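Chain and residue survey
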Amino acid sequence: MKKKPKLSFWQIWNLSFGFLGVQIGYSLQNSNTSSILQSLGADLSHLSYFWLAAPVAGLIIQPIVGMFSDGTWTRFGRRIPYILGGAIISTIALLLMPNCPVLLAFAPLAMGALILLFMDLSFNVTMQPFRALVTDMLDDSQKTEGFVIQTFLINLGAVIGALLPLIMTWCGVSDSAVEGGVSKHIAYSYYIGGGILLLTVLVTAFKVKEYPPAEFAEYNETEEASAAPAEKPGFITLMRNIPKTMLELGVTQFFSWAALFLMWNYLKPLITSSFIDAAGTSVNIGAAETWTGVLNAVYPVPACIASIFMTQIANRFGNKPVYAACLLSGAVGYLGLTLIHNQYLLMVPMVFIGIAWAGILAMPYSILSRAIDARSSGAYMGIFNFTITIPQIVMGLVGGSVVSLVKNSILSGRGYETMSAVEKVTVDSQAAAWMIGIAAAFMLIAAISVFFVKEKRIEQQ
């Protein structure tokens, strides 16, 4: 088999540069969706149902996009047409989200839910081919580096997206909460994030030249015709032939992504009690929203730093020990969130969570990319996304019920609706702490499960 050419650092960088912009948009969504929906009238116990939009979209879209892109061979490339098309739609969704009350004044929450689904569908169309693009273009010896660089760019985007609302306030944009609407600093952040997303994807689209069918076939020991077969394997066939490694990784993925979903849902209500004034008479919701964005910007920073060294560490100790250590760090971080109540000290557990995030974004894809057929890499990367979306769907379906049970236990018969705003925030924060505690246990289970994954050895060159 002919070896793929070694790509330079900047060539590998360009493969994933568009993911920087996508992650800025995704980070804005993660940091602000709960706040936006609550401002439009959503109750805490219902938030997890709205968050189902993202995993449901990924569950449906990513395998479809993967399968179609495996058989797409155009002069623009194999994956690029999907990346570019999804980016355009994602930009439109980001521009629409802050305008829900204007677009449908009599039912802004319904419009918010609809645009959230629209946004998640387009994000998934854009994101999925980036994973397959790295697999297509890089030799096995460079795949860990490729996914680590992708991880670095994802986390850089997460920092930018999470900090944009704070940057807007520094620029003089008001962060005052708007009853029944979206505050200006959040709205402007969405507009700027959408513009950056489109620009970064255009860089990848114009800088990356994918291998044509004949060349791709040489690199993967296939005939040119079979590199893009007329009859692509169907979904059932692909599912029957799933590599055992993918199933083993699926257990780890389930618990780690369930933990992440719980954090994204309940971080803001968890920390809001830290913004009750000294007299205990009022709570600054706007400041809590901004600080949630700050904390969401903290954990990608150590993730970026960890990703810089991850290739060398993994080459020395192996992917599995590094992956397990990262997940264990996440368990420590989640436990810390439940124990710390000072807004500034909350940054410490986010550092541990950031290390886990770096491992989650890089290690499973590096392990999996060596175990799948290159001709169906897009489809299998899409199917692998089941291990990300299914745990989130499960948590979305049961999370609201668990929160309700926890709140009822905390209330002990007291009427929630008759409480003051400060009392409600305190109860919600305590319930959220229980959910983050569950996330800590999930991350610990994920770390243990890594050692049951069997990994293909890399050929030394």
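Residues numbered from 1 in each chain as written. Predicted model: local features only at pLDDT ≥ 70, side-chain atom pairs only at ≥ 80, totals over all residues. Heavy atoms only, no water.

**A short note on the overall build of the chain**
Helix and strand counts for the chain come out as 19 helices and 0 strands. Rg of the C-alpha trace for the chain: 22 Å, near the compact-globule value of 23 Å for 461 residues, within the 12% margin. Along the three orthogonal principal directions, the C-alpha set of the chain runs to about 70 × 45 × 40 Å. Across the 461 residues in the chain, those meeting the buried criterion constitute 58%. Put simply, the chain shows about 18,400 Å² of open surface, and 66% of that area lies on carbon and sulfur atoms. Charged side chains in the chain number 26 positive and 25 negative. The centres of these two groups are separated by 5 Å. (Helix = DSSP H or I, 4+ residues; strand = E, 2+ residues; numbered from the N terminus. Rg over C-alpha atoms; globule rule 2.2 N^0.38 Å. Buried < 20%, exposed > 50% of the residue type's maximum accessible area, 1.4 Å probe, protein only. Areas by Shrake-Rupley, 256 points an atom, 1.4 Å probe, with all protein chains shown as cover. Lys, Arg positive; Asp, Glu negative; His and termini not counted. Charge placed at Lys NZ, Arg CZ, Asp CG, Glu CD.)

**A closer look at the environment of phenylalanine 76**
As for its placement among the helices and strands, phenylalanine 76 is situated in the loop between α3 (53–70) and α4 (80–96). In sequence terms phenylalanine 76 and alanine 205 are 129 residues apart; their C-alpha atoms lie 8.2 Å from each other. Once residues within four sequence positions are removed from consideration, phenylalanine 76 is found in contact with Pro81 and Glu210. (Contact = heavy atoms within 4.5 Å.)

**Structural notes on the pattern of salt bridges**
Under the definition given, this model contains 5 salt bridges. In this structure, arginine 79 and aspartate 136 form a salt bridge, with 2.7 Å as the shortest nitrogen-oxygen distance. Separated by 57 residues along the polypeptide, arginine 79 in the loop between α3 and α4 and aspartate 136 in helix α6 (residues 108–137) bring together distant segments of the chain. Classification of arginine 79 by relative accessible area gives buried; the value is 0%. The class for aspartate 136 is buried, based on a relative accessible area of 3%. With a shortest N-O distance of 3.4 Å, glutamate 423 and arginine 414 are connected by a salt bridge. Where salt bridges share partners, they join Arg78, Arg79 and Asp136 into one cluster. (Salt bridge = Lys/Arg side-chain N within 4 Å of Asp/Glu carboxyl O.)

**Side note on empty space enclosed by the protein**
Evaluated as defined, the whole model comprises 6 cavities of 30 Å³ or more. In this structure, the largest cavity is lined by 24 residues; those nearest its centre are Gln62, Met127, Trp257, Asn385 and Ile388. Only α1 (9–39), α3, α6, α12 (244–272), α16 (347–369), α17 (377–384) and α18 (386–411) provide two or more residues apiece to the lining of the largest cavity. The element best represented in the lining of the largest cavity is α6, accounting for 5 residues. The residue makeup of the lining of the largest cavity, split by class, is 14 nonpolar, 8 polar and 2 charged. (1 Å grid on protein atoms, 1.4 Å probe; cavity = no way out; pocket = protein on both sides within 12 Å on 5 of 7 lines; lining within 4 Å. Points joined across faces, edges and corners; volume = space filled by probe spheres on them. Nonpolar A, V, L, I, M, F, W, Y, C, P; charged D, E, K, R; others polar.)

**Description of the packing of aromatic side chains**
Summed over the entire model, instances satisfying the criterion amount to 18 aromatic pairs. When the centroid spacing of 6.1 Å and the interplanar angle of 75° are considered together, the rings of tyrosine 26 and phenylalanine 123 count as edge-to-face. Taken together, the residues span a long stretch of sequence, with tyrosine 26 in helix α1 and phenylalanine 123 in helix α6 at a distance of 97 residues. Take tyrosine 26: its relative accessible area is 13%, and that puts it in the buried class. An aromatic cluster is present here, built from Tyr26, Phe123, Trp257, Trp264, Tyr299 and Trp357 joined pairwise through their rings. In this structure, arginine 131 packs its charged tip against the face of tyrosine 365, placed 3.8 Å from the ring centre. (Phe/Tyr/Trp six-rings, centres within 6.5 Å; stacked < 30°, edge-to-face > 60°. Lys NZ or Arg CZ within 6 Å of the ring centre and 35° of its normal.)

**Quick word on the nonpolar core**
Core analysis: the biggest nonpolar cluster contains 127 residues, and Met263, Trp264, Met310, Tyr334, Leu337 and Met350 have the highest contact counts within it. Per-element accounting of this core gives the leading share, 14 residues, to α12. (Core = buried A, V, L, I, M, F, W, Y, C linked by side-chain atoms within 4.5 Å.)

**A look at the confidence of the model for the chain**
Overall, the prediction assigns the chain a mean pLDDT of 84, with 93% of residues at 70 or greater. Taken element by element, the chain is modelled with least confidence in helix α10 (residues 224–227), mean pLDDT 47, and with most confidence in helix α15 (residues 319–339), mean pLDDT 95. (pLDDT = per-residue confidence, 0-100.)

**Brief notes about the packing of helix α14 (residues 300–317) against α15**
How two helices pack is summed up by the angle between their axes together with the distance between the axes. At a closest axis distance of 7 Å, the pairing of α14 and α15 adopts a crossing angle of 125°. What the angle tells us is that α14 and α15 run oblique. Of the residues in α15, those touching α14 at Met310, Ile313, Ala314 and Phe317 are Asn319, Pro321, Val322 and Cys326. Looking at the contact of α14 with α15, its residues break down into 7 nonpolar, 1 polar and no charged. (Axes fitted to C-alpha atoms, helices over the stretch in contact; angles between N-to-C directions. Parallel < 35°, antiparallel > 145°, perpendicular 65-115°, else oblique.)

**Here we look at the side chain of aspartate 120**
Relative to the helices and strands, aspartate 120 is located in helix α6. It is arginine 131 that comes nearest to the buried, bridge-free aspartate 120 among opposite-charge side chains, at 14 Å. Once residues lying within four places of it in the same chain are set aside, the contact partners of aspartate 120 are Gln29, Ala53, Ala54 and Ala57.

**Considerations on the environment of leucine 15**
In this fold, leucine 15 is placed in helix α1. The spatial distance from the C-alpha of leucine 15 to the C-alpha of leucine 109 is 37 Å, given a sequence separation of 94 residues. Apart from the residues lying within four places of it in its own chain, the contact partners of leucine 15 are Leu7, Phe130, Leu133, Met137, Leu138, Thr204 and Val208.

**Description of the environment of alanine 287**
When you line up the elements, alanine 287 lands in helix α13 (residues 285–298). In sequence terms alanine 287 and proline 212 are 75 residues apart; their C-alpha atoms lie 52 Å from each other.

**Quick word on the packing of helix α7 (residues 140–170) against helix α8 (residues 184–207)**
It is at 8 Å that the axes of α7 and α8 come closest, and there the two elements cross at 115°. Judged by the sense of rotation from one axis to the other, the crossing of α7 with α8 is right-handed. Between α7, through Leu164, Pro165, Met168 and Thr169, and α8, the contact on the second element is made entirely by His185, Ile186, Tyr188, Ser189, Ile192 and Gly193. Classifying every residue of the contact of α7 with α8 by side-chain character gives 6 nonpolar, 4 polar and no charged. (Left-handed = near helix turned anticlockwise from the far one by under 90°.)

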